[in-house]
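Breakdown of the fold
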Amino acid sequence: MASPTVSKDPIKPEQQKRVRKIRRLIMAVLFVPVVAVTVSVGGYVSRSQESLSATLATWARDHRLGVVVDELEQLRYGSPPSAGPASELGTVETGSSVSTQLPTATTTTTVPLPPALEPRVTPALAKEGVWEVARVVGGRPAIWVSGIRPLKSSPSVTATYALVDQDLTYAAMWNGPEIPAQRGFSRYKAVSPDLHPYLLAAFNGGFRKEHTQGGYLTEGREIWKMDPRAATLGIDTEGRIHIGLLGDGVELSEMVSVRQNVRLLVKDSKSVVGGKLYGYGSSHDRNLYIVRSAVCERKDGKLLFAIVGPVDAEQLAVALVRAGCSMAMQLDVNAAWPKFSIYDPATPEPHTRWIDKRITGPSNMFLRSAPKDFFALFDRTALPEELVEKLK
């Protein structure tokens, strides 16, 4: 039996015009946000000095898409490090170790090296755990660098440490356009040229405001509210760095700069990792296996900066204890952000050396335009008094 014929009324010309108009309107509505997003992302990429992935993550967090970034990074960094031993250290050869006080001897044989770090993985690699002089001040070592595989249970993990003699260095904190995301600072984005002849080193700061769980004090302004529970880095009026808690290692009334970041990793030479406050993003997951940076005060009074990874928070704490840390806190994490640079005098600007092969981005970023807060170390013995005032 033949199917019944269904009659269709032809679309009238005025209806066709209306349909075309609606289609154009829908395309315009969809097109505008796509263009806006493209322009916005393009602006971030054009200004950024970091990798594309790091720049896109920053853009997403700035546009309330942090939860998406967190989930993607959980998938990417949720697996423990390889069980196979690393065949090389992350440490970059220290190269020359010149002095800011020229002309003087560029090396020293009168000051013994710090005791070597005990290798945890056998057989040890060449120079593993041995301290090498990276920067000299007036013939005396001011900064040493060493690399090691600090975890026997995870031999693929490598750590690079920079050891700083605070009797020879003067520290100051710089502010960035992304962190603390305010302007009007005298120390902003880059170390000014008048300070270049005295610059020894610089290293990264901590997390963004929404992730840091703590406060930020700089140039007499409390930008973020202090938290007595948060791990704290304070710089006192003499340019010395202290690590601890407010009232326990860091006296707020004596500090000119304070940077807090999540919770302490090490206290009294023991790991105090617990809870989910050591990662980044909305989860603050301590069990992400990522490249992490940290800073500590050692039992011998020296300051130590570390880049370790890929590790979770507990593994980072263990690596710091084994490097002699008595009080330690985490700084920024993920491959794009941990940075420690050594500077040698040169013109028109100091020559820069990273200490670890995993560090990315322009080597001169702390001299040109750093997006986030950072810390700079200067030659205490040569820094003129008028410049010291600029650093407080």
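Residues numbered from 1 in each chain as written. Predicted model: local features only at pLDDT ≥ 70, side-chain atom pairs only at ≥ 80, totals over all residues. Heavy atoms only, no water.

Comments concerning the overall build of the chain
When helices and strands are counted, the chain shows 7 helices and 19 strands. Taking all 392 residues of the chain together, the buried fraction comes to 53%. Residue pairs in contact within the chain that sit at least 24 positions apart in sequence constitute 68% of those at least 6 positions apart. Summing over all exposed atoms, the chain offers an accessible surface of approximately 18300 Å²; the carbon and sulfur share of this is 57%. (Helix = DSSP H or I, 4+ residues; strand = E, 2+ residues; numbered from the N terminus. Buried < 20%, exposed > 50% of the residue type's maximum accessible area, 1.4 Å probe, protein only. Contact = heavy atoms within 4.5 Å. Areas by Shrake-Rupley, 256 points an atom, 1.4 Å probe, with all protein chains shown as cover.)

A few points about the pattern of salt bridges
Opposite charge on two side chains permits them to pair, given that their charged atoms come into close proximity. Counted according to the given criterion, the structure contains 18 salt bridges. When the shortest N-O distance is used, the salt bridge between E349 and R368 registers 3.0 Å. Of this pair, E349 sits in the loop between β17 (340–344) and β18 (351–354) while R368 sits in helix α6 (residues 365–368), and the two are 19 residues apart along the sequence. Here E349 falls in the buried class, since its relative accessible area comes to 19%. With a relative accessible area of 51%, R368 lands in the exposed category. (Salt bridge = Lys/Arg side-chain N within 4 Å of Asp/Glu carboxyl O.)

Looking at the sheet that holds strand β10 (residues 249–250)
Across the sheet, 6 strands lie side by side as β7-β6-β11-β8-β9-β10; this open sheet has mixed pairing. What marks the edges here is a single partner per strand, and that holds for β7 (221–224) and β10. Across 4 bridges, the pairing between strand β8 (residues 232–236) and strand β9 (residues 241–246) is antiparallel. Directly across from I235, in β9, lies its bridge partner I241. (Pairing = 2+ DSSP bridges.)

Quick look at helix α5 (residues 313–321)
All buried positions along α5 are accounted for by A313, Q315, L316, A317, A319 and L320. Contacts from the buried residues of α5 go to β3 (158–164), β12 (264–267), β13 (270–271), β14 (290–298), β15 (303–311) and β16 (325–333). You can read the cap of α5 off the contacts: a side-chain oxygen lies 3.3 Å from the backbone nitrogen of E314, and it is on D312. (Polar contact = N/O pair within 3.5 Å; in protein donor to acceptor, adjacent residues only side chain to side chain.)

A short note on the packing of aromatic side chains
Throughout the structure, instances matching the rule amount to 8 aromatic pairs. Judged by centre distance (5.8 Å) and plane angle (15°), the ring pair of W174 and F374 falls under stacked. Remark: F374 occurs in strand β19 (residues 374–379) and W174 occurs in strand β4 (residues 169–174); sequence separation between them is 200 residues. Judged by centre distance (5.3 Å) and plane angle (45°), the rings of F203 and F305 are tilted. Remark: F305 occurs in strand β15 and F203 occurs in strand β5 (residues 199–204); sequence separation between them is 102 residues. We note that F203, like F305, is buried. Grouped by ring-pair contacts, the aromatic residues W174, F366, F374 and F378 constitute a single cluster. A cation over a ring is seen here: R187 above W174, with NZ or CZ 6.0 Å from the ring centre. We note K372 situated over the ring of W337; from NZ or CZ to the ring centre the distance is 3.7 Å. (Phe/Tyr/Trp six-rings, centres within 6.5 Å; stacked < 30°, edge-to-face > 60°. Lys NZ or Arg CZ within 6 Å of the ring centre and 35° of its normal.)

Topic: the pairing of β7
Relative to β7, strand β6 (residues 216–218) is paired through 3 bridges, and the arrangement is antiparallel. Bridge pairing links L217 to E222 in β7. What sits between the antiparallel neighbours β6 and β7 is a turn of 2 residues, in which E219 has the positive phi angle 50°.

Looking at the sheet that holds β19
Taken in spatial order, the 5 strands make up an open sheet running β4-β19-β5-β17-β18, and their pairing is antiparallel. For this open sheet the edge positions go to β4 and β18, each flanked by a neighbour on one side alone. Between one strand axis and the next, the sheet turns by 20° as a mean value, whatever way the strands run. Bridge count for β4 against β19 is 6 bridges, and the pairing is antiparallel. Within β19, the position partnered with A171 by the bridge is L377. (Axes fitted to C-alpha atoms, helices over the stretch in contact; angles between N-to-C directions.)

What about empty space enclosed by the protein?
Enumeration over the complete set of coordinates arrives at 3 cavities of 30 Å³ or more. Considered as a void within the structure, the largest cavity measures approximately 90 Å³ in volume. As for the largest cavity, its lining consists of 14 residues, and the residues nearest its centre are N204, W337, F366, K372 and D373. Within the lining of the largest cavity, the residues separate by chemical class into 6 nonpolar, 3 polar and 5 charged. (1 Å grid on protein atoms, 1.4 Å probe; cavity = no way out; pocket = protein on both sides within 12 Å on 5 of 7 lines; lining within 4 Å. Points joined across faces, edges and corners; volume = space filled by probe spheres on them. Nonpolar A, V, L, I, M, F, W, Y, C, P; charged D, E, K, R; others polar.)

Considerations on the environment of A335
Along the chain, the position of A335 falls in the loop between β16 and β17. Given a relative accessible area of 39%, A335 falls into the partly exposed group. With 25 residues separating them in the primary sequence, A335 and P310 have C-alpha atoms 9.2 Å apart. Setting aside anything within four residues of it in sequence, one finds A335 in contact with V291, R358 and T360.

Digging into the confidence of the model for the chain
Per-residue confidence for the chain averages 84 on the pLDDT scale, and 73% of its residues sit at or above 70. Taken as a whole, residues 100–109 scores under 50 in pLDDT and shows 22 contacts with residues more than four places along the chain or in a different chain. Contacts of residues 280–284 to residues separated by more than four positions or lying in other chains number 27 contacts, the stretch itself having pLDDT below 50. (pLDDT = per-residue confidence, 0-100.)

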